Amino acid sequence: MNIGELMNNGQNALLVVSMSDLKEFAMEIINEVNQSKVLDNTAYTAQEFADKHHVDVSTLWRWKKQGILKPTRIGGRVFYHESDLLKMTES
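Residues numbered from 1 in each chain as written. Predicted model: local features only at pLDDT ≥ 70, side-chain atom pairs only at ≥ 80, totals over all residues. Heavy atoms only, no water.

The next thing to look at is the overall build of the chain. In terms of regular secondary structure, the chain is built from 5 helices and 2 strands. Listing each helix as α and each strand as β along the chain from the N terminus yields α-α-α-α-β-β-α. Taking all 91 residues of the chain together, the buried fraction comes to 22%. A separation threshold of at least 6 residues defines the contact pool for the chain, and within that pool the share at least 24 residues apart is 43%. Summed over its atoms, the accessible surface of the chain is roughly 7200 Å², and 55% of this surface lies on carbon and sulfur atoms. (Helix = DSSP H or I, 4+ residues; strand = E, 2+ residues; numbered from the N terminus. Buried < 20%, exposed > 50% of the residue type's maximum accessible area, 1.4 Å probe, protein only. Contact = heavy atoms within 4.5 Å. Areas by Shrake-Rupley, 256 points an atom, 1.4 Å probe, with all protein chains shown as cover.)

What follows is about the nonpolar core. The nonpolar side chains of soluble globular proteins are, as a tendency, buried together. Membership of the largest hydrophobic core is limited to 8 residues, which are Tyr44, Phe49, Ala50, Leu60, Trp63, Leu69, Tyr80 and Leu85. Broken down by secondary-structure element, the contributors of at least two residues to this core are α3 (46-52) and α4 (57-65). Discounting chain neighbours no more than four positions away, the residues touching alanine 50 are Val55, Asp56, Val57 and Leu60. (Core = buried A, V, L, I, M, F, W, Y, C linked by side-chain atoms within 4.5 Å.)

As a further point, take the packing of aromatic side chains. Summed over all chains, the structure comprises 2 aromatic pairs. Residues tyrosine 44 and phenylalanine 49 carry aromatic rings whose centres are separated by 6.3 Å and whose planes lie at 50 degrees to one another, so their mutual orientation is tilted. The pair tyrosine 44 / phenylalanine 49 is uniform in exposure class, with both members buried. Each ring, one from phenylalanine 49 and one from tyrosine 80, has its centre 5.3 Å from the other, and the planes form 25 degrees; the classification is stacked. Taken together, the residues phenylalanine 49 in helix α3 and tyrosine 80 in the loop between β2 (77-79) and α5 (82-90) connect sequence positions 31 residues apart. Summarising the burial analysis for this pair, phenylalanine 49 and tyrosine 80 share the class buried. (Phe/Tyr/Trp six-rings, centres within 6.5 Å; stacked < 30°, edge-to-face > 60°.)

Below, the discussion takes up a nonpolar patch on the surface. A cluster of nonpolar residues, Leu15, Val17, Met19 and Leu22, forms a patch on the protein surface that exposes about 390 Å² of accessible area. Mapped onto the secondary structure, valine 17 falls in the loop between α1 (3-8) and α2 (19-36). Since its relative accessible area comes to 36%, valine 17 is described here as partly exposed. (Patch = residues over 30% accessible without salt bridge, like charges linked within 9 Å, V, L, I, M, F, W, Y side chains within 5 Å. Salt bridge = Lys/Arg side-chain N within 4 Å of Asp/Glu carboxyl O.)

Any functional reading would require information beyond the geometric quantities listed.
Here's what the structure looks like:
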């Protein structure tokens, strides 16, 4: 039984864990997180993006003006992508 299975079992336990087991568990968690980061390439209008992320449209405008968030312009309209937000949070 690995650490993840022990945690999901729902019972309390006192464990002695080797460094290699702890490293393996950490790598499993990292892999799960990386696999869940599927980028949404949908183009959202400012209002749709603001609603989805619970911010005001003026916040998006301010982030754009400050160079924090770089939206895409298509045919004179401004669109935002999830990848824009992820880039912002990674910096």
